[in-house]
Amino acid sequence: MPTVTSKDGTRIAYETLGSGPPLILVDGALCFRGSGPSRPLAEQLKDRFTVYIYDRRGRGESGDTLPYAPEREVEDIEALIAAAGGSAMLYGISSGGVLALDAASHDIGVSRVFVYEAPLIVDDSRTLAPGYAEKMQALVAADRRGAALKHFMGTGVGLPGFMVFIMQFMPMWKTLKQVAPTLAYDTALTAPLQQGRPLSPERWASVKVPAKIVGGTKSETWMRNAQRAIARILPDARHAELEGENHMVKPEKIAPMIKEFFAA
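What counts and what doesn't
- Residues numbered from 1 in each chain as written.
- Predicted model: local features only at pLDDT ≥ 70, side-chain atom pairs only at ≥ 80, totals over all residues.
- Heavy atoms only, no water.
- Patch = residues over 30% accessible without salt bridge, like charges linked within 9 Å, V, L, I, M, F, W, Y side chains within 5 Å.
- Areas by Shrake-Rupley, 256 points an atom, 1.4 Å probe, with all protein chains shown as cover.
- Salt bridge = Lys/Arg side-chain N within 4 Å of Asp/Glu carboxyl O.
- Lys, Arg positive; Asp, Glu negative; His and termini not counted.
- Charge placed at Lys NZ, Arg CZ, Asp CG, Glu CD.
- Helix = DSSP H or I, 4+ residues; strand = E, 2+ residues; numbered from the N terminus.
- Buried < 20%, exposed > 50% of the residue type's maximum accessible area, 1.4 Å probe, protein only.
- Arc of directions from axis to C-beta.
- Axes fitted to C-alpha atoms, helices over the stretch in contact; angles between N-to-C directions.
- Parallel < 35°, antiparallel > 145°, perpendicular 65-115°, else oblique.
- Left-handed = near helix turned anticlockwise from the far one by under 90°.
- Contact = heavy atoms within 4.5 Å.
- Nonpolar A, V, L, I, M, F, W, Y, C, P; charged D, E, K, R; others polar.
- Pairing = 2+ DSSP bridges.
- Right-handed = clockwise from strand over helix to strand, strands pointing away.
- Core = buried A, V, L, I, M, F, W, Y, C linked by side-chain atoms within 4.5 Å.

Participant: Got a minute to help me understand a positive patch on the surface in this structure?
Facilitator: A surface patch of positive charge is lined by Lys-135, Arg-144, Lys-150 and Lys-177. If you trace the backbone, Lys-177 turns up in helix 7 (residues 172–179).

Participant: How should helix 4 (residues 132–141) be read in this particular structure?
Facilitator: Since the α-helix turns once every 3.6 residues, residues separated by three or four places project in the same direction. Among the residues of helix 4, those classed as buried are Tyr-132, Ala-133, Met-136 and Leu-139. All buried residues of helix 4 fall inside an arc of 125° around its axis, so they share one side. Seen from the open side of helix 4, the exposed residues pointing more than 90 degrees away from its buried face are Glu-134 and Ala-141. Count one or two residues on from helix 4 and you reach Asp-143, which has phi positive near 55°.

Participant: I tried to follow the packing of helix 4 against helix 5 (residues 145–157) on my own but got confused; where do I start?
Facilitator: For any two helices packed against each other, one specifies the inter-axial angle together with the distance between the axes. For the pair helix 4 and helix 5, the least separation of the axes is 9 Å and the interaxial angle reads 160°. When the axis of helix 4 is compared with that of helix 5, the two are roughly antiparallel. Relative to helix 5, the crossing made by helix 4 is left-handed. Residues Tyr-132, Lys-135, Met-136, Leu-139 and Val-140 of helix 4 form the contact with helix 5, whose participating residues are Ala-147, Ala-148, His-151, Phe-152, Thr-155 and Gly-156. Partitioned by chemical class, the residues of the contact of helix 4 with helix 5 number 7 nonpolar, 3 polar and 1 charged.

Participant: What should I look at first to understand the sheet that holds strand 7 (residues 211–216) in this one?
Facilitator: Whenever strands of a sheet pair, they do so through backbone hydrogen bonds, lying parallel or antiparallel. Read across the sheet, 8 strands follow the order 1-2-4-3-5-6-7-8 without closing on themselves; strand pairing throughout is mixed. The strands lining the two open edges of the sheet, one partner per strand, are strand 1 (3–5) and strand 8 (237–242). The sheet shows a mean angle of 25° between the axes of neighbouring strands, taken without regard to direction. Looking at chain direction, strand 3 (residues 22–26) and strand 5 (residues 88–93) are connected through 4 bridges and run parallel.

Participant: Is there a simple way to think about the pairing of strand 6 (residues 110–116) in this case?
Facilitator: As a general feature of sheets, a regular strand has side chains that alternate between the two faces. Most of strand 6 is tucked away, with 6 of its 7 residues classed as buried. One ladder, built from 5 bridges, connects strand 5 with strand 6; its direction is parallel. From the neighbouring strand, Gly-92 faces strand 6, where its bridge partner is Val-115. Note on the crossover from strand 5 through helix 3 (residues 95–104) to strand 6: the handedness is right-handed.

Participant: Sorry if this is basic, but what is going on with the nonpolar core here?
Facilitator: For soluble globular proteins, the rule of thumb is that nonpolar side chains tend to be buried together. Residues Val-113, Leu-120 and Trp-204 are the most contacted members of the largest nonpolar core, which totals 45 residues. It is helix 3 that provides the largest number of residues to this core, a total of 6 residues. In this structure, Ile-93, Phe-114, Leu-242 and Val-249 belong to the second largest nonpolar core, which totals 24 residues.

So, in structure tokens, the structure goes:
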């Protein structure tokens, strides 16, 4: 298993599928190479790209170094881009979309960026419970992994209580608990952008590369509004919606749009 070493010494595990121009997939919360959408999506894309899938720090086979800061994850992507030859395209989903845009705002070799449903709250179409981020940090600090997952699923994602209760008895819960401490990382990435305020025009003003910002037509209003808002503030962005999809987008549905954008 290949690894790269980030600037702070953290080893980041990755693998590649396919051949062609390098494309790095950036996972959202709780996902890594062994659990989540990246591998199925990479299978859909490997005929056109050398697809890099990796374990974000603290997940899977990657290491972790404290204290955490979002900048460290940008440096992880920088190390992957260096391994890819100095230039790569990025696809980020959910909180990974925020990370992909943050990476694209630095001069580290990002050539294009595609974001699917970065979970921002930019108007009054949704309100996140006050103190959400602080409670998440406290639960993770106390190593209350199950409670952190319930807080994320219920308060963060907005799943009904009965669904969160049932999830505790499913086989996936054990896997989710292994990476639950990294919910504090995703919260640090997204919470400042979930306050119901319009995005600052300066937030990603330095993202000069072409960007594609996509939402699903079956997603909630607040999520769809957020994607439009992101596209409006980026210097070179196109917005689109994927018919019939929600936040749990099917790899075979999003792959053609990714191929079209990165081939342009």
